[in-house]
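Per-entry structural report
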Amino acid sequence: MISTLAWTPEGVRFIDQTRLPLEESYVVAATWEEVARAIVTMVVRGAPAIGVSAAYGIALGAKITGARTAAEFAPELERICAGLASTRPTAVNLFWAIDRMKQIFAPLAAAGKPLDEIRERLLAEAHAMYDEDISACKAMGAHGADLLPDEGGVLTHCNAGALATCGYGTALGVIRAAVERGKRIHVYADETRPFLQGARLTAWELMADGIPATVLCDNTAASLMRAGRIQAVVVGADRIAANGDVANKIGTYNVAILAREHGIPFYVAAPWSTIDLATGTGDAIPIEERPAIEVTHHGGRQLTPRGVGIVNPAFDVTPVKYVTALITERGILRPPCSGSLRQMELVGAAWG
Ligand code: MRU
C-alpha cells in the first residue's frame, strides 16, 4: 500500500507528491513548522491527509517542546494550532483534526497531568485518526461500490485516492472496492489543471494497482460523456456544507453540470470529518486562492505573457442539486441532504 504519511522516530514522513510520478521520494518533517510547510507546498495534500498531518504536527510539537509542564506548553500549543490552521483554508478536515487534538489536551492539562502523559495521549489520538481514516475509506468503498456499474467508464476529478488520505482513498476507494468485487471499471482521470493531481497522482496510483486508467484534458469530459463512454462520476470533497453543497477541486462543478446534462450519476465520496454542519451552504465555504505561478508556469517554463492577470482558485462549490448521492462511512445519503446529514450526525454520535 502507498505510504502517504507516517509517524517515524525522526518526525512525520511524507511521500513527496510534488515529485510524483517521475520520482518516488520521501521527506521527513522534524518540526511542526516543517509539517505546516509540507501542507502549504502540497508535498502532502487532499483533505483527510491534511487533517491527519496536522494532528501529527501537533504531536510532534508536543514531543520536542522545551516546556516542562502542561501549563508551560499551553501557549505554545495555541501557536502550533494557529500555525497549522493557517496553511490551507478550504478542507475542513484540517480544523476538525486540530480541534480534536485541542480537546485531548484541555482536560488533561486542567487535571494537572504530567506533560509526558499528555504527549503520549496526543500521539495516540493522531494514530487513532490515521487508523479511522483508513477504516472510513474502506467503509465508503463497501457502501459505494454498489452504485458503480458492473462494467463501464467512471470519471474522477483531482486525486481522492490513497495519496489524499491515509490509504485506500475516498472516490478511488469506491472504485477500488468495485474492482475488488469484479466490476470491470475503466477510470477516466481528468488531468486537473493547474496542479495536475489527476494526470500525475491518480494515474500513478491506479497504474500501481493495475486498474485500467486513461487521462484526459479537463476540457475533454463533455465529448466523452456525449460519446457514451462515461457511466458514472465519483469525486471526493474538501468540505460539505450542512445543506449538502460540496467544495472540491476546481473544475468539479463543471463536471457535475456536464454529468447532469448527459444523465450520468454524480457521486461524492467523503468521510464524516469533511462534513461541516456549522456552515449552512456552499456560499459560506472559504475558497483558497493559490499562487499565480501554478498557472503561468509549467515545469519551470513560462506559458503566459508577463503581467497578464491570473485567477487561480483551488476549489469550487457544486450545488447539492447536482449531487446524485453522498457516500460516507456511515452510509449513502441522497439529496435533499440537510435533514439527513443532521440525523446521521446523531446516529454517528450514538454509535461513537
Ligand atoms: O488541492 P488538493 O490537491 O489538496 O485538493 C484535493 C481535492 O480537491 C480532493 O478531491 C479532496 O481533498 C478529497 S481527497 C480524499
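Look above for the structure.
Bear in mind the structure is a predicted one, so any value in this text is a computation, not a measurement.

It is worth spelling out the sheet that holds strand β10 (residues 266–269) at this point. Spatially, the seven strands line up as an open sheet ordered β6-β5-β4-β7-β10-β15-β16, and their pairing is mixed. Each edge of the open sheet carries a strand with a single partner, namely β6 (213–216) and β16 (331–333). On average, each strand axis in the sheet is inclined to that of its neighbour by 25 degrees, with strand direction left out of account. In the sheet, strand β4 (residues 151–156) pairs with strand β7 (residues 232–235) via two bridges, with the strands oriented parallel. The residue of β7 that forms the bridge with leucine 155 is valine 233. Of the strands in this sheet, β10, β15 (325–328) and β16 are in contact with helix α5 (residues 115–144), which crosses β15 at around 140 degrees. Across the sheet, helix α9 (residues 252–261) touches β4, β5 (184–190), β7 and β10, and the angle it forms with β10 is around 145 degrees.

A few words on empty space enclosed by the protein. Considering all chains together, one arrives at two cavities of 30 Å³ or more under this definition. In terms of lining, the largest cavity is formed by 23 residues, of which the most central are Gly46, Ala47, Asn159, Asp238 and Asn248. When residues of the lining of the largest cavity are traced back to their parent elements, those giving at least two are α2 (47–64) and β9 (246–249). Among the residues making up the lining of the largest cavity, the classes are represented as 11 nonpolar, eight polar and four charged. Of the residues that make up the lining of the largest cavity, three or more belong to each of domain 1 (5–138) and domain 2 (143–351). Roughly 60 Å³ of volume is contained in the second largest cavity. Forming the boundary of the second largest cavity are Met42, Arg193, Pro194, Phe195, Gln197, Lys249, Ile250, Arg290, Glu294, Asn312, Pro313 and Ala314. The residue makeup of the lining of the second largest cavity, split by class, is six nonpolar, two polar and four charged.

Contacts to the ligand come from 18 residues, most closely from Arg88, Gln197, Asp238, Asn248 and Lys249. Taking asparagine 248, its side chain carries an N or O atom lying 2.6 Å from an oxygen atom of the ligand. Burial of the ligand by the protein chains amounts to 100% of its free accessible area of 410 Å². Its atoms largely coinciding with the cavity grid, the ligand occupies the largest cavity. When its residues are assigned to classes, the shell around the ligand shows eight nonpolar, six polar and four charged.

The next thing to look at is the packing of α2 against helix α4 (residues 92–110). When two helices pack together, their arrangement is given by the angle between their axes and by how far apart the axes lie. In the contact formed by α2 and α4, the axes pass within 7 Å of each other and the chain directions differ by 30 degrees. In terms of axis orientation, α2 runs roughly parallel to α4. Handedness of the crossing formed by α2 with α4: right-handed. Across from Ala47, Pro48, Ile50, Gly51, Ala54, Ala55, Ile58 and Ala59 in α2, the residues of α4 making contact are Asn93, Leu94, Ala97, Ile98 and Met101. Of the residues belonging to the contact of α2 with α4, the class tally is 11 nonpolar, two polar and no charged.

Another point: the layout of surface pockets. The rolling of a water-molecule-sized probe over the atoms marks out the regions of remaining empty space. What the second largest pocket holds in volume is close to 430 Å³. Along its surface, the second largest pocket is lined by 15 residues, and Phe195, His297, His298, Gly299 and Gly300 are the ones closest to its centre. Of all the secondary-structure elements, those providing two or more residues to the lining of the second largest pocket are α10 (293–296) and β12 (297–298). Looking at the lining of the second largest pocket residue by residue, the classes come out as seven nonpolar, five polar and three charged. Both of domain 1 (5–138) and domain 2 (143–351) provide at least three residues apiece to the lining of the second largest pocket.

Overall, the coordinates contain 16 salt bridges when judged by the stated rule. With a closest N to O distance of 2.5 Å, arginine 119 and aspartate 116 form a salt bridge. Separated by three residues within a single helix, arginine 119 and aspartate 116 lie in helix α5, roughly one turn from each other. The class for aspartate 116 is exposed, based on a relative accessible area of 51%. Ionic pairing is found between aspartate 150 and lysine 183, a salt bridge with its closest N-O pair at 3.7 Å. Placement of the pair is aspartate 150 in the loop between α5 and β4 and lysine 183 in the loop between α6 (171–180) and β5, with a sequence separation of 33 residues.

Rules behind the numbers
- Numbering of residues begins from 1 in every chain and follows the order in which that chain's sequence is written.
- This being a predicted model, a pLDDT of at least 70 is required before a residue's local features are given, and a value of 80 or more before pairs of side-chain atoms are given or counted; all residues contribute to the totals for chains, interfaces and linings.
- Hydrogens and water molecules were not included; the side-chain quantities draw on all heavy atoms of the structure.
- Being paired, for any two strands, means DSSP has found at least two bridges between them.
- By definition, any uninterrupted DSSP run of H or I lasting at least four residues is a helix, any uninterrupted run of E lasting at least two residues is a strand, and each is numbered from the N terminus.
- Fitting a line to C-alpha atoms yields each axis, with helices limited to the stretch in contact; the angle taken between N-to-C directions then spans 0 to 180 degrees.
- The criterion used for residue contact is that any of the two residues' heavy atoms lie within 4.5 Å.
- Here a cavity means grid points, on a 1 Å grid over the protein atoms only, where a 1.4 Å probe fits yet cannot get out; a pocket means an open set of points with protein on both sides within 12 Å along at least five of seven lines; lining residues are those with an atom within 4 Å of a point.
- Grid points are joined across faces, edges and corners, and a volume is the space filled by probe spheres set on the points.
- Each residue is assigned to one class: nonpolar for Ala, Val, Leu, Ile, Met, Phe, Trp, Tyr, Cys and Pro, charged for Asp, Glu, Lys and Arg, and polar for all the others, Gly among them.
- Domain segmentation is taken from an automatic or database assignment of domains.
- Nearness is judged by heavy atoms alone; a residue qualifies as near a molecule or strand once a single heavy atom is within 4 Å of it.
- Counting of polar contacts relies on pairs of N or O atoms within 3.5 Å, with two restrictions inside protein: one atom must be capable of donating a hydrogen and the other of accepting it, and residues adjacent in sequence are counted only when both atoms are side-chain atoms.
- Note on areas: these come from Shrake-Rupley sampling with a 1.4 Å probe, and a residue is covered only by the protein chains present in the view.
- Just a note on the criterion: a molecule sits in a pocket or cavity if more than half of its atoms are within 2 Å of the grid points.
- Here the word oblique covers every angle except those under 35 degrees (roughly parallel), over 145 (roughly antiparallel) and from 65 to 115 (roughly perpendicular).
- Each helix crossing is assigned a hand: it is left-handed if the near helix lies turned anticlockwise from the far helix by less than a right angle, otherwise right-handed if that turn is clockwise.
- By definition, a salt bridge exists where a carboxyl oxygen of Asp or Glu is found within 4 Å of a side-chain nitrogen of Lys or Arg.
- The cut-offs for exposure are 20% and 50% of the maximum accessible area for each residue type, with area from a 1.4 Å probe on protein chains only; residues under the lower value are buried, those over the upper are exposed, and the others partly exposed.

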